[in-house]
Amino acid sequence: MEKLPYHNNWDRITHIKKGWSQDRKYLVKYEEHSYLLRLFDLSEWDNKIKEFDFITLAREVIPCSKPLEYGKILENLDSGYLLLSFIEGRELSECLVNLSLQRQYDFGFEAGTLLKKLHSIPLTNKISN
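Described in the following lines is the structure provided in the data block. (Residues numbered from 1 in each chain as written. Predicted model: local features only at pLDDT ≥ 70, side-chain atom pairs only at ≥ 80, totals over all residues. Heavy atoms only, no water.)

Turning our attention to the pattern of salt bridges. Taken as a whole, this structure holds seven salt bridges when the rule is applied. Note that Asp-23 is salt-bridged to Arg-38, the shortest N-O span being 2.7 Å. Here Arg-38 lies in strand 3 (residues 33-41) and Asp-23 lies in the loop between strand 1 (12-16) and strand 2 (24-30), a separation of 15 residues in the sequence. For the pair shown, Asp-23 and Arg-38 are each scored as buried. Where Glu-88 meets Lys-29, a salt bridge forms, and the shortest distance between an N and an O atom there is 3.6 Å. Of this pair, Glu-88 sits in the loop between strand 5 (79-85) and helix 2 (92-95) while Lys-29 sits in strand 2, and the two are 59 residues apart along the sequence. Given a relative accessible area of 52%, Glu-88 falls into the exposed group. (Salt bridge = Lys/Arg side-chain N within 4 Å of Asp/Glu carboxyl O. Helix = DSSP H or I, 4+ residues; strand = E, 2+ residues; numbered from the N terminus. Buried < 20%, exposed > 50% of the residue type's maximum accessible area, 1.4 Å probe, protein only.)

And the structure:
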């Protein structure tokens, strides 16, 4: 972590073990702010830059993290990083069972509406597998 920009300013770093991506994820606290730090292997560099650009576009149509910066960590790690704003909350899977059927339906409907907006964004740089 000490190879990352701003590392000396961070108050706390907590490893996040949840999520769908293979990235190593960390919650970074600095003063009153929270950030999501995602570390990835440099072999993913091109795709991660496209992902960063897509998140920038997605933010214009749906509520999501704000992409702040990306870069390479070459010394000893050969990794790249994405730094995004962190959105506080709980996973829906943790609290869904405690909601009424109507509230579950409402969340599903809203998710479908957001997904439709997300799919309306034209892809200029496709991410390869």
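Below, the discussion takes up the sheet that holds strand 4 (residues 67-73). Taking strand neighbours across the sheet as the criterion, the five strands line up as 1-2-3-5-4 in an open arrangement whose pairing is antiparallel. Edge strands, defined here as strands with exactly one partner in the open sheet, are strand 1 and strand 4. The mean angle between the axes of side-by-side strands here comes to 25°, regardless of whether they run parallel or antiparallel. Here seven bridges tie strand 2 to strand 3, and the two strands are oriented antiparallel to one another. The residue bridging Arg-24 from the neighbouring strand is Leu-39, located in strand 3. (Pairing = 2+ DSSP bridges. Axes fitted to C-alpha atoms, helices over the stretch in contact; angles between N-to-C directions.)

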